[in-house]
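Structural overview
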Amino acid sequence: MVANGLKGRNILVGLTGGIAVYKVCELIRKLKNSGANVKVILSKGAEKFVTPLLFASLSGEKAYTDEDFFKPTGEILHIDLAKFPDVVIIAPATASFMAKLASGQADELLLSTLLATKTPVYIFPSMNTNMWEHPATQRNVETLKSWGYRVYEPASGALACNTTGKGRLPEVEEIFETLQAHFVKKDMLGQKVLITGGPTREYIDEVRFITNDSSGKMAFLLAKEAYYRGAEVYLIWGGKELPGIFPRINDFLGIPYPKVFSVSTTKEMLEVAKTLFPKCNLAIFAAAPCDFRPKQAFSGKIKKQEILTLDLELTEDIAKTLSSQKQPDQITIGFALETPENLEKYALLKKKEKNFDFIVANPISTLSAESSDFIVFTPKDKLEFKEVSKAYLAKVLFDLIGV
Ligand SMILES: Cc1cc2nc3c(=O)[nH]c(=O)nc-3n(C[C@H](O)[C@H](O)[C@H](O)COP(=O)(O)O)c2cc1C
């Protein structure tokens, strides 16, 4: 089972005449694969770059152009289209399109539809940096924002006009995640959530280290779910790159953007967690910190030798240290990764020993898998989940806590 807020949603996509329009093909495929109903309107400019046939094929629906606007069919197309969506996105949005919308123009199908709808509209501008920075564009963006349009700041990077700067359409994943976040109920506003994630590293010398195979995906998905629900998220991250992105929905929803603290060793993870824990009302210990470290870390690089014996010592127990300092208004959640035969027994022991309110027991095979079996022990109950995705579990956990 997967967590998917887009299934059955009606999404209206407005395309305008920018080069980045090619990226939207992939977006529409992704939306369709998620079970969303997608309708596309092409602006006059968009039609110069792409044909409606491509978008009709991808969306499985008629793709509308300006030619349809004045057809004597007996229908009032822009009013019908305005009633269809649960959300509208304009991607890419040209400077010209935003100027027209900001001045209330309605001389083409897309503009009339926008004027006729009260549905939330996300606008993803994309253009040359100078066009973006032009005072006219900036003024139009401010006007649109003041009317409640959610204008997503373009990304910086290489542009199609062979320059580098601000003006890129965000990657498809970022637009897709913005839409996912849109449909999540904001029931964690004002909450502060600490999440530890990923493996840690314990250095043998300056180039070699002990670690484990944790992908950190569960922690990342928990952080994302909490952010989408409106919480202020602190993610203490021991992994390399994050396995996904946090869309910049903070701009229009007034939620702080998640703060990610990159750490290397278990000790560093504890030090950062200690400073953040007192101000959080929920802490989830989803990291896989190394339990052992070499007693002595060598400087430089140890020379190759026949036998090397390492003396190991226990590292700090982050979850136990912090959960033992828990205040009555704080909730802590732990994870127990165990062999299937000992799963329940060790998870329950761990829950008690570490003073957790909830514990999630998962078999070793979960480590870098997309989905798994999970058992959640709440303060009172035991709940079993068979072969569910980590994203689904993240959603269920916050529902269970009853935030
Ligand atoms: C090759 C080419 C690329 C263009 N790329 C962009 C762009 O990325 N962003 C933009 O705002 N305008 C761009 N324009 C200008 C728009 O296409 C033009 O303003 C058009 O009238 C926009 O029409 P529309 O807003 O109805 O889609 C480009 C024009 C050409 C010829």
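Small disclaimer: the values here were computed from a predicted structure and weren't measured.

For the ligand, the set of nearby residues contains 16 residues, the closest of which are G17, S43, T94, A95 and S126. Within the contact set of the ligand, an oxygen atom lies 2.7 Å away from a side-chain nitrogen or oxygen of T94. A distance of 2.9 Å separates a nitrogen atom of the ligand from a polar backbone atom of S126. Of all elements in the fold, only α2 (44–49) and α6 (95–102) reach the threshold of two or more residues within the shell around the ligand. When the residues that make up the shell around the ligand are grouped by side-chain class, the tally is 7 nonpolar, 8 polar and 1 charged.

This part covers the nonpolar core. Core analysis: the largest hydrophobic core is formed by 39 residues, its most contacted members being I195, L222, I284 and F335. No other element matches the 9 residues that helix α11 (residues 217–228) contributes to this core. In this view, F335 contacts M218, L222, I284, F285, A286, K350, I359, V360, N362, L393 and L397; residues no more than four positions away in its chain are not counted.

Before going further, it helps to examine unusual backbone geometry. Glycine aside, the phi torsion of most residues is negative, and most peptide linkages are trans. For the bond running from A91 to P92, omega is -10 degrees, close enough to zero to count as cis. Turning to its location among the elements, P92 is positioned in strand β4 (residues 87–93). For N355, which is not a glycine, the phi torsion comes out positive at approximately 65 degrees. You can see N355 is positioned in the loop between α15 (343–353) and β18 (358–363). Its relative accessible area of 35% is what places N355 among the partly exposed residues.

Turning next to helix α1 (residues 23–33). When α1 is considered as a whole, its buried residues turn out to be K23, V24, C25, L27, I28 and L31. Looking at the packing, one finds that the buried side of α1 touches β1 (10–15), β2 (37–42), α3 (52–59), β4, β8 (164–168) and α10 (172–182). Looking at the residues trailing α1, positive phi occurs at G35, about 90 degrees.

This part takes up the pattern of salt bridges. A side chain with one charge may pair with a side chain of the opposite charge, provided their charged atoms come close. Within this structure, the stated rule accounts for 26 salt bridges. Between K44 and D66 there is a salt bridge, with its nearest N and O atoms 3.8 Å apart. With K44 in helix α2 and D66 in helix α4 (residues 66–69), the pair connects residues that are 22 residues apart, well separated along the chain. Among the salt bridges present, the one from K274 reaches E271, with a minimum N-O distance of 3.8 Å. One end of the pair is K274 and the other is E271, both in helix α13 (residues 266–276) and 3 residues apart, which spans about a single turn. One network of salt bridges, in which partners are shared, links D187, E225, R229, K395 and D399.

A few words on the sheet that holds strand β3 (residues 63–64). Think of a sheet as strands paired side by side through backbone hydrogen bonds, with each pair either parallel or antiparallel. Spatially, 6 strands are ordered β3-β2-β1-β4-β5-β6 in an open sheet, and the strand pairing comes out parallel. In this open sheet, the two strands that pair with only one neighbour each are β3 and β6 (150–151). Relative to β2, β1 runs parallel, the two being bridged by 6 bridges. Following the sheet pairing, V13 is matched in β2 by V40. Of the strands in this sheet, β1, β2 and β3 are in contact with α3, which crosses β2 at around 170 degrees.

Using the residue numbers shown here, the UniProt feature "domain: Flavoprotein" (unreviewed entry) corresponds to residues 10–181. The span residues 10–181 carries 46% helix and 22% strand; its end-to-end C-alpha distance comes to 15 Å.

By a widespread convention, an interface's size corresponds to the accessible area lost as its parts come together. Once the domains are mapped, the chain shows domain 1 (10–182) and domain 2 (192–297 + 309–401). Centre-to-centre separation of domain 1 and domain 2, based on C-alpha positions: 38 Å. Taken residue by residue, the interface counts 13 residues in domain 1 and 10 residues in domain 2. In this assembly, domain 1 packs against domain 2 so that about 1,000 Å² is buried in total across both faces, 61% of it on carbon and sulfur atoms. On the domain 1 side of the interface with domain 2, the three residues burying the most area are Y152, E177 and A181, jointly 44% of the side's total. Taken together, the links from domain 1 to domain 2 amount to 2 salt bridges.

This next bit is on the sheet that holds strand β14 (residues 282–285). Strands sit in the order β13-β12-β9-β14-β17-β18-β19-β20 across an open sheet of 8 strands; the sheet is mixed. This sheet does not close on itself; its edge strands, each paired only once, are β13 (259–262) and β20 (382–389). Adjacent strand axes in the sheet meet at a mean angle of 15 degrees, parallel and antiparallel pairs treated alike. Alignment of β18 against strand β19 (residues 371–377), held across 3 bridges, turns out to be antiparallel.

This next bit is on the pairing of β14. The alternating pattern of β14 places L282 and I284 on one face and A283 and F285 on the opposite face, and all of these are buried. One ladder, built from 4 bridges, connects strand β9 (residues 192–197) with β14; its direction is parallel. If you follow L194 over to β14, its bridge partner there is A283. Inspection of the sheet shows β14 paired to strand β17 (residues 331–338) by 4 bridges, in the parallel sense. Note that in β17 the partner of A283 across the bridge is T332.

Conventions adopted
- Residues numbered from 1 in each chain as written.
- Predicted model: local features only at pLDDT ≥ 70, side-chain atom pairs only at ≥ 80, totals over all residues.
- Heavy atoms only, no water.
- Near = heavy atom within 4 Å.
- Polar contact = N/O pair within 3.5 Å; in protein donor to acceptor, adjacent residues only side chain to side chain.
- Helix = DSSP H or I, 4+ residues; strand = E, 2+ residues; numbered from the N terminus.
- Nonpolar A, V, L, I, M, F, W, Y, C, P; charged D, E, K, R; others polar.
- Core = buried A, V, L, I, M, F, W, Y, C linked by side-chain atoms within 4.5 Å.
- Buried < 20%, exposed > 50% of the residue type's maximum accessible area, 1.4 Å probe, protein only.
- Contact = heavy atoms within 4.5 Å.
- Salt bridge = Lys/Arg side-chain N within 4 Å of Asp/Glu carboxyl O.
- Pairing = 2+ DSSP bridges.
- Axes fitted to C-alpha atoms, helices over the stretch in contact; angles between N-to-C directions.
- UniProt positions renumbered as here; feature names shortened; annotations may be inferred.
- Domains from an automatic or database assignment.
- Buried area = accessible area lost by both parts, 1.4 Å probe.

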